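Below are the chains, spelled out letter by letter.
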There are 2 protein chains.
Amino acid sequence: MNKKKIYVVGIGPGAYEQMTMRAANALEQCDVIVGYTVYVELVREHFAGKRFLTTPMKKEVDRCILAFEEAAKGSTVAMICSGDAGVYGMSGLMLEIGKEYPDIQVEVIPGVTAANGGAAVLGAPLIHDFAVISLSDLLTPWEKIEKRLLMASEADFVICLYNPSSKKRHDYLEKACDLMMRHKSPDTVCGIVSNIGREGESCRVMTLKELQKTQVDMFTTVYVGNSQTKEIDGKMVTPRGYVHG
Amino acid sequence: MNKKKIYVVGIGPGAYEQMTMRAANALEQCDVIVGYTVYVELVREHFAGKRFLTTPMKKEVDRCILAFEEAAKGSTVAMICSGDAGVYGMSGLMLEIGKEYPDIQVEVIPGVTAANGGAAVLGAPLIHDFAVISLSDLLTPWEKIEKRLLMASEADFVICLYNPSSKKRHDYLEKACDLMMRHKSPDTVCGIVSNIGREGESCRVMTLKELQKTQVDMFTTVYVGNSQTKEIDGKMVTPRGYVHG
């Protein structure tokens, strides 16, 4: 018996051509594409004839159930996420909710997450060991985030911050910079990238001290270098190691 | 004046269709494709008529110079890397060596790195904050790696290990597990994936205690969960947060 199938697809950071061919092929094979309204608009024109179902932000559980119910009725379904579905994305929730739908198989198709997409715009900040931390305390206690910022800084990781700001959390990046400066030099090379792979893409390289005074929005990804990271011709570059190789 | 151009392209984890469309388009536009022998073989058949130049492992600096010299002669050149060129890849070295070639522009095109490619095979291990650590001490002092393993464990990051083993470093994963168990429970859910996106792809979910006794090779990527990571129907799944959302 062929199991019914749902694809959970990372569409990459923005533009259609940042999607893998495997992702595009999976969407081609689907009858129904489910996603957060904004992401569906990014791909809609490339997949004419599909049925598109959208739910707003913070309705993630509803969105998953919608996808499974469509698949249960016999449609081939794709749930799309921006970036990679496995980084602060929907693949985990889909597998959790999938327990209730044992005859539907979930296949996760990876994409380029914002950390990697933004790194390419800035230069090469993530060449060496790095930590990815979300500053959103919606589902994570702030104390946990604080501990991660401190320990990742003390261990000299390059740090990539997701969700660095929102209307309610306008001073979180400043607080995070304060914490990181307990272990990282204020002159550490940092970078920010906004609207990765989309219209209005922009980036800036600066020091950690400058980053602390910088306002960013929720479409920005932030990079804080390790002790070896340097600026080369306006690019943020982390060397391969601690010995010149 | 149009600057001469080199693309540094992440081809994703293995098979051709794991490449983004942007990456494939860039390779189409090139005259010359430069890379480590093994990666060139993965794409060669899809780009007939190109000139392919390869250098063996550990000849990274030579490979970069080869690419710049070809571009200086007037060819459009792509340097390819498996996964993402910005994660333990060639984009950093290309930007460093690029200082010597001021009239050649380097454009980095991101790809799906092994961390994300393998995560999709295992389920959803990287849904929450994570740290990526290479166990190779070729260019990094082991004490630095040790400190990162300890602090990332203490801060309850999901940890993804690159280069977990090699002929000379057959016991490094065991040593790393010992260190992580100082702060993580021996029952922490872990996973390994081999040959991501290639022939012979395989994965296994196990506990940290079991991982410690497991032999892996250099084509394996290793995932160590956080305190919330669970096994669901044979998949490794990290929840979105610490509160049930």
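Quick caveat, the model's predicted, so the values are computed rather than measured. Position numbers for residues count from 1 along each chain, tracking the sequence in the order it is written. As they are written, the chains are lettered A onward and the ligands numbered 1 onward, keeping that order. Two thresholds apply to this predicted model, a pLDDT of at least 70 for residue-level local features and 80 or more for giving and counting side-chain atom pairs, whereas whole-chain, interface and lining totals are computed over all residues. Hydrogen atoms and water are omitted, and side-chain values are computed over all heavy atoms in the structure.

**Q** How should the overall build of chain A be read in this particular structure?
**A** For chain A, the count of helices and strands is eight helices and 13 strands. C-alpha atoms define the radius of gyration, and 2.2 Å times the number of residues to the power 0.38 defines the globule rule. A compact globule built from 245 residues would reach a C-alpha radius of gyration of about 18 Å, and chain A, at 19 Å, matches this within 12%. With respect to the three principal axes, the spread of C-alpha positions in chain A is 60 × 35 × 35 Å. Burial classes follow relative accessibility: with a 1.4 Å probe on protein chains only, a residue under 20% of its type's maximum area counts as buried, one over 50% as exposed, and anything between as partly exposed. Within chain A, the fraction of its 245 residues that count as buried is 60%. Summarising the internal contacts of chain A: among those between residues at least 6 apart in sequence, 69% fall at separations of at least 24. In these tables, accessible area is a Shrake-Rupley quantity obtained with a 1.4 Å probe, and a residue counts as shielded only by the protein chains included in the view. Summed over all atoms, the accessible surface of chain A reaches about 9,700 Å², with 48% contributed by carbon and sulfur. One finds the centroid of the 28 positive side-chain charges in chain A at a distance of 3 Å from the centroid of its 30 negative side-chain charges. A run of H or I in DSSP becomes a helix once it reaches four residues, and a run of E becomes a strand once it reaches two; helices and strands are each numbered from the N terminus. Residues count as neighbours in contact if any of their non-hydrogen atoms are within 4.5 Å of one another. For the purpose of charge, His is not counted, nor are the chain termini; Lys and Arg are scored as positive and Asp and Glu as negative. Just so you know, the charge point we use is NZ for Lys, CZ for Arg, CG for Asp and CD for Glu.

**Q** Even after reading the chapter, I still don't get the relation of the copies chain B and chain A, so can you show me in this structure?
**A** For the least-squares superposition of copies, only C-alpha atoms count, and only for residues with pLDDT at least 70 in both. Of the two same-sequence chains, chain B is brought onto chain A (RMSD 0.0 Å, axial shift 0.0 Å) by a rotation of 180°. Within this description, the copies of the chain are treated as partners about a two-fold rotation axis. A share of 100% of the interface residues of chain B reappears at the interface of chain A, consistent with the copies meeting face to face through the same patch.

**Q** Teacher, can you tell me more about the confidence of the model for chain A here?
**A** For any part of a model where pLDDT is low, the fine detail of the predicted coordinates should not be relied upon. Summarising the model, chain A shows a mean pLDDT of 94, and 98% of its residues fall at 70 or more. Interface scoring of the predicted complex returns ipTM 0.96; its pTM is 0.97. pLDDT runs from 0 to 100 and stands for how confident the predictor is about each residue.

**Q** Looking at this model, I keep getting lost on helix α1 (residues 21-29) of chain A. Mind explaining?
**A** Residue pairs spaced three or four apart in an α-helix point in one direction, given the helix's 3.6 residues per turn. Residues of α1 of chain A that are buried include every one of Met21, Ala23, Ala24, Ala26 and Leu27 of chain A, and no others. As for α1 of chain A, its buried residues are in contact with β1 (4-10), β2 (32-36), β4 (77-81) and β5 (104-109) of chain A together with α1 (21-29) of chain B.

**Q** Just to check I follow, could you spell out the pattern of salt bridges for this structure?
**A** Side-chain pairs of opposite charge can arise whenever the charged atoms involved come near each other. All names here are of chain A. Salt bridges are defined as contacts in which a side-chain nitrogen from Lys or Arg sits within 4 Å of a carboxyl oxygen from Asp or Glu. By the definition in use, this model includes 22 salt bridges over all chains. With a shortest N-O distance of 2.8 Å, glutamate 107 and lysine 5 are connected by a salt bridge. Placement of the pair is glutamate 107 in strand β5 and lysine 5 in strand β1, with a sequence separation of 102 residues. Since its relative accessible area comes to 22%, glutamate 107 is described here as partly exposed. We classify lysine 5 as partly exposed; its relative accessible area is 26%.

**Q** Would you explain the packing of helix α6 (residues 142-154) of chain A against helix α6 (residues 142-154) of chain B in this entry?
**A** When two helices pack together, their arrangement is given by the angle between the helix axes and the distance between those axes. Note on definitions: angles span 0 to 180 degrees between N-to-C directions of axes, and those axes are lines fitted to C-alpha atoms, for helices only across the stretch in contact. At a minimum axis separation of 9 Å, α6 of chain A and α6 of chain B run at an interaxial angle of 180°. The pairing of α6 of chain A with α6 of chain B is recorded here as roughly antiparallel in orientation. Together, Lys147, Met151 and Glu154 of chain A of α6 of chain A and Lys147, Met151 and Glu154 of chain B of α6 of chain B make up the contact between the two elements. Gly is placed with the polar residues, together with every amino acid not listed as nonpolar (Ala, Val, Leu, Ile, Met, Phe, Trp, Tyr, Cys and Pro) or charged (Asp, Glu, Lys and Arg). Partitioning the contact of α6 of chain A with α6 of chain B into residue classes produces two nonpolar, no polar and four charged. An angle below 35 degrees is treated as roughly parallel, one above 145 as roughly antiparallel, one from 65 to 115 as roughly perpendicular, and anything else as oblique.

**Q** Would you explain a nonpolar patch on the surface in this entry?
**A** The residues that make up patches have over 30% relative accessible area and no salt bridge, and they are joined within 9 Å when like-charged or within 5 Å when they are Val, Leu, Ile, Met, Phe, Trp or Tyr. A grouping of Met57, Met218 and Phe219 of chain A is seen on the molecular surface, where their side chains present a nonpolar patch of about 300 Å² in accessible area. Summarising the element assignment, methionine 57 of chain A is placed in the loop between β3 (51-55) and α3 (60-72).

**Q** In this structure, what is going on with the interface of chain B and chain A? I would like to understand it.
**A** How big an interface is tends to be expressed through the accessible area that disappears when the partners come together. Each partner contributes residues to the interface: chain B has 66 residues there, and chain A has 66 residues. Using a 1.4 Å probe, buried area is obtained as the accessible area two parts lose upon being combined, added over both of them. Carbon and sulfur atoms supply 63% of the area buried between chain B and chain A, which totals about 5,900 Å² over both sides. On the chain B side of the contact with chain A, Met21, Leu139 and Arg148 of chain B bury the most area, a combined 13% of that side's loss. Glutamate 60 of chain B is the salt-bridge partner of arginine 240 of chain A, the closest N and O atoms lying 3.7 Å from each other. Polar contacts here mean pairs of N or O atoms no more than 3.5 Å apart (in protein, one a potential hydrogen donor and the other a potential acceptor; neighbouring residues in sequence count only if both atoms are side-chain atoms). Inspection of the region where chain B meets chain A yields 38 residue pairs in polar contact (both at pLDDT 80 or more). The dominant element in the side of chain B that touches chain A, judged by the number of residues it contributes, is α6 of chain B, at six residues. Per-class residue counts for the side of chain B that touches chain A are 32 nonpolar, 18 polar and 16 charged. Direction of pairing for strand β7 (residues 130-134) of chain A relative to strand β7 (residues 130-134) of chain B: antiparallel, over a ladder of three bridges. Opposite valine 132 of chain A, over in β7 of chain B, you have phenylalanine 130 of chain B as the bridge partner. At least two DSSP bridges between two strands are needed for those strands to be called paired.

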